[in-house]
Amino acid sequence: QVQLVESGGGLVQPGGSLRLSCAASGSTGSINAMGWYRQAPGKQRELVAVITRGGSTNYADSVKGRFTISRDNPKNTVYLQMNSLTPEDTAVYYCNARLLSAFMGMSDSWGQGTQVTVSS
């Protein structure tokens, strides 16, 4: 069991920046990768950024060059630095952890979500 708690969302002006944090607790040793997803009302949840246990990163085309995912292993925390924000970035952002265990195989844990609103 892994519990994820996001923080850092809020209201920001276009062109502004926010940093989201995701603190993981529980069986963190079973985490193979962590990522950030976002979802707007009526739309499918989409992957924003992912970082693997080995440190490799991938980003959605829409955020490349603007967002950066990073981690602090001793604190079991993953961050998403978001720069040059636009109204199209408005969504609920969810932290995800992909888990691997001997009996359950692959599974996913999700945070509660944090609202990001980009508006003048």
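Please read all numbers here as calculations on a predicted model, not as lab measurements. (Residues numbered from 1 in each chain as written. Predicted model: local features only at pLDDT ≥ 70, side-chain atom pairs only at ≥ 80, totals over all residues. Heavy atoms only, no water.)

Draft legend 1. Broad picture of the sheet that holds strand 1 (residues 2-7). With antiparallel pairing, the four strands of this open sheet are ordered in space as 1-3-8-7. Of all strands in the sheet, those bounded by a partner on one side alone are strand 1 and strand 7 (67-72). Within this sheet the neighbouring strands show an average axis-to-axis angle of 20 degrees, counted without direction. Pairing analysis gives six bridges linking strand 3 (residues 18-26) to strand 8 (residues 77-82), with the strands arranged antiparallel. Across the sheet, the residue bridging to leucine 18 is methionine 82, located in strand 8. (Pairing = 2+ DSSP bridges. Helix = DSSP H or I, 4+ residues; strand = E, 2+ residues; numbered from the N terminus. Axes fitted to C-alpha atoms, helices over the stretch in contact; angles between N-to-C directions.)

Draft legend 2. Molecular detail of the state of the cysteines. Following the criterion strictly, the structure yields one disulfide and no others. Bridging cysteine 22 to cysteine 95, the disulfide has an S-S length of 2.0 Å. In this structure, the disulfide formed by cysteine 22 and cysteine 95 twists by about -85 degrees around the S-S bond and is classed as left-handed. On the criterion of sequence distance, the pair formed by cysteine 22 in strand 3 and cysteine 95 in strand 9 (residues 91-101) is long-range, its members being 73 residues apart. Of the two residues, cysteine 22 and cysteine 95, both sit in the buried class. (Disulfide = S-S within 2.5 Å. Buried < 20%, exposed > 50% of the residue type's maximum accessible area, 1.4 Å probe, protein only.)

Draft legend 3. Representation of the side chain of threonine 114 in the model. Mapped onto the elements, threonine 114 comes out in strand 11 (residues 114-118). A polar side-chain atom of threonine 114 sits 3.2 Å from the main-chain amide nitrogen of glycine 9. The residues touching threonine 114, leaving out its near neighbours within four places in the chain, are Glu6, Gly8, Gly9, Leu20, Ala91, Val92 and Tyr93. (Polar contact = N/O pair within 3.5 Å; in protein donor to acceptor, adjacent residues only side chain to side chain. Contact = heavy atoms within 4.5 Å.)

Draft legend 4. Inspection of the pattern of salt bridges at higher detail. If you walk through the whole model with that rule in mind, you get four salt bridges. Salt-bridge contacts for arginine 38 lead to glutamate 46; the nearest nitrogen and oxygen are separated by 2.8 Å. A relative accessible area of 6% places arginine 38 in the buried class. What makes glutamate 46 partly exposed here is its relative accessible area of 33%. Close ionic contact of arginine 66 with aspartate 89 constitutes a salt bridge, the shortest N to O distance being 2.8 Å. Here the residue arginine 66 occupies a position in the loop between strand 6 (57-59) and strand 7, and aspartate 89 occupies one in the loop between strand 8 and strand 9, the gap between them amounting to 23 residues. (Salt bridge = Lys/Arg side-chain N within 4 Å of Asp/Glu carboxyl O.)

Draft legend 5. Structural detail: the side chain of serine 109. The residue serine 109 is located in strand 10 (residues 105-110) in this model. Not counting residues up to four positions away in its chain, the partners in contact with serine 109 are Val2, Leu4, Cys95, Asn96, Ala97 and Leu99.

Draft legend 6. Looking closely at unusual backbone geometry. Although it is not a glycine, asparagine 76 adopts a positive phi angle of roughly 50 degrees. Inspection of the secondary structure puts asparagine 76 in the loop between strand 7 and strand 8. For asparagine 76, a relative accessible area of 33% puts it in the partly exposed group. One non-glycine residue, serine 84, adopts positive backbone phi at about 50 degrees. A relative accessible area of 42% places serine 84 in the partly exposed class.

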